[in-house]
Structure formats: C-alpha cells, structure tokens
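Architecture at a glance
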Amino acid sequence: MEQLLNKKGFICDMDGVIYHGNRLLPGVKEFLDWLQKENKHFLFLTNSSQNTPRELQQKLGRMGLSVDESHFYTSALATAHFLNRQAPGCSAYAMGEHGLQNALYEVGITYNDVNPDYVVVGESSGYNLEMMTKAIRLVNGGAKLIGTNYDLTGPTETGIAPACRALLAPIELATGKQAYYVGKPNPLMMRTGLNLLGVHSEEAAMIGDRMDTDIVAGIESGLDTVLVLSGVTAREECRLFPYRPRLILDGVGEIAAAAQQAAR
C-alpha cells in the first residue's frame, strides 16, 4: 500500500469504482479528497460511451464531488479520435447515447444510415431489433464494425446489465465480422490516458473493477494495478485469469484510510 500511496498519478475507472448508476460508493469522497489534497495527477478513464465529460462532471457534482471537466476521458472520445485519424471526414451509423453521438460530431464525423464508412456501437438504452438489423445490413454492405469498448456487462443500482460487447455480439455473429474495440484494454486509449495524466507509467496506478479490461490494460501499459471488489469482479474470479493485480481492495476507500493511517 505504501508503494501505491507514493504514486504521482492515478487512472481510475468509474462504473463499479466510483459509483453504481447514480449511487456513490463508500469511501469515494475520502479518496478524492486525498487525491486533491496531495496534488496527485488523476484521470477518470471510463469505457462507458454514454456521457460527455461535462455530464460526468455534473453527475459527480450531484453526488457531492467537485471535479474539473478535464479529469474525464471516455471511450466515446477515444473512438471519435481513432476514426478521425483513420479516415478524416468519414461517416458512421452510430448506435449509442449522446456521449458517443456528440464525440463523433465534434470531430466532424457525420451520421449516415444509408452507406456509412463505419457502424459504431456503444451502450444504448434504446437498442432494439430494428437498429441491430440495420447495422447487420450495413456491415454486410461494406461498413467496418467498431465497438467503443470491450465491456461485456456493467454494474447498475439494480444489478448487472449488458454492456457494449454483449450488444455487439449478435451483429458479429450475423455478419461473421469481428468488431475492432477502441476502449480499454486497447493501448490506444491507455496511451492517450497517460498523456492526459502527464506522468510516466512507472509513476502511475490503474484502479478498476474488471480483470479483462482495467487490470490487463494497466499491466500491459506498465502501471501499478489495483482491483477493487466494489464492481463486477469477485475475489475468487481473479484465479481464472493468467495475470493478477498487485493489490486487491474492497474499494477505493481503503486507499484513503491507509493514507490517513500513514499520516499519523
């Protein structure tokens, strides 16, 4: 824990680490207070493509947390940046919430449901058979298939819900095409995250609740890794993976508690 407390920068997942839906998790306020008091570099790096950074800032504000908009980076932003670098001025049929739609619009990617260059899939509460069928036909017609993130499920206040990879699976099966996933653990998103964080990977830690995205992304990017059990992963599930985090904690509140203990 002492090694973790001495890190200069922290990249944190949000769902399952900071909150479940609209419910703030225990110890988060104390953890954020410690980050700010110690002048740590920190970035909330979320695989969710549903919200814009400003919306995430306001969401935390409603939970009583004050965080500047610059501390958020989403898979929607990463996806928009990737597509804009790959094919400037391209068009896309996007299945997702306003966070994704807004990110694509901001870099000049136009909506196209007739002959798009890409079909882009993120989380969507309005996902339905008609949208799925259109996506399948567009991919079969030549559009390239993109997923904003690799999460299969996600935590909500009422339990586990399907996430991006689950929504993409029917399209992949029906077309025989494999999507390219932009979010964690893709090094593209981690590299951008580290650049925004402004510290070297050896001086940073990755905190997340998923072994298959957060922890493997941290390991492959050279960050210290912390798995919290406040999200979708149970302690016994860690043994199913060929890699492991350096620390396993019940939640980020343990970090703040350890820092308080060390200060005495």
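Here, every reference points to the structure presented above.
Now for a quick tour of the structure. Predicted, not measured: the structure shown is a model, and the values here were computed from it.

**Some points on the pattern of salt bridges**
- Under the defined criterion, the tally for this structure stands at nine salt bridges.
- The residue Lys29 makes a salt bridge to Asp33 at a minimum N-O spacing of 3.2 Å. Placement of both Lys29 and Asp33 in helix H2 (residues 28-37) is noted, with a separation of four residues, approximately one turn of the helix.
- Look at Lys29 and you get partly exposed, because its relative accessible area is 41%.
- For Arg165, the salt bridge goes to Asp212, with nearest N and O atoms at 3.6 Å. A residue pair is termed long-range when its members are at least 10 positions apart, and Arg165 in helix H7 (residues 164-175) and Asp212 in helix H9 (residues 211-220) qualify at 47 residues.
- By relative accessible area, Asp212 is classed as partly exposed at 21%.

**A few points about the nonpolar core**
- Judged by nonpolar contacts, the single largest core of 33 residues is most densely connected at Phe10, Phe31, Trp34, Phe44, Leu60, Ile207 and Ile255.
- Sorting elements by how many residues they give to this core places H2 first, with five residues.
- If we ignore the near neighbours within four places in the chain, the residues touching Phe31 are Cys12, Ile207, Val252, Ile255 and Ala256.
- In this structure, Phe82, Ala92, Leu100 and Met206 belong to the second largest nonpolar core, which totals 29 residues.

**Remarks on the pairing of strand E6 (residues 91-95)**
- Among the five residues in E6, five count as buried, and that is most of the element.
- Alternating residues of E6 divide into Ser91, Tyr93 and Met95 and Ala92 and Ala94, and every residue in both groups is buried.
- Where E6 lies against strand E8 (residues 118-121), four bridges are found, and the strand directions are parallel. Across the sheet, Ala94 pairs through a bridge with Val120, a residue of E8.

**Observations regarding the state of the cysteines**
- Under the definition given, this model contains zero disulfides.
- Among the cysteines around Cys12, which has no disulfide bond, Cys238 carries the closest sulfur, lying 18 Å off.
- Cys12 gets classed as buried once you look at its relative accessible area, which sits at 1%.
- The closest cysteine sulfur to the non-disulfide-bonded Cys90 is located on Cys164, 17 Å from its own sulfur.
- The exposure class assigned to Cys90 is buried, which follows from its relative accessible area of 3%.

Reading the values: the criteria
- Residues numbered from 1 in each chain as written.
- Predicted model: local features only at pLDDT ≥ 70, side-chain atom pairs only at ≥ 80, totals over all residues.
- Heavy atoms only, no water.
- Salt bridge = Lys/Arg side-chain N within 4 Å of Asp/Glu carboxyl O.
- Helix = DSSP H or I, 4+ residues; strand = E, 2+ residues; numbered from the N terminus.
- Buried < 20%, exposed > 50% of the residue type's maximum accessible area, 1.4 Å probe, protein only.
- Core = buried A, V, L, I, M, F, W, Y, C linked by side-chain atoms within 4.5 Å.
- Contact = heavy atoms within 4.5 Å.
- Pairing = 2+ DSSP bridges.
- Disulfide = S-S within 2.5 Å.

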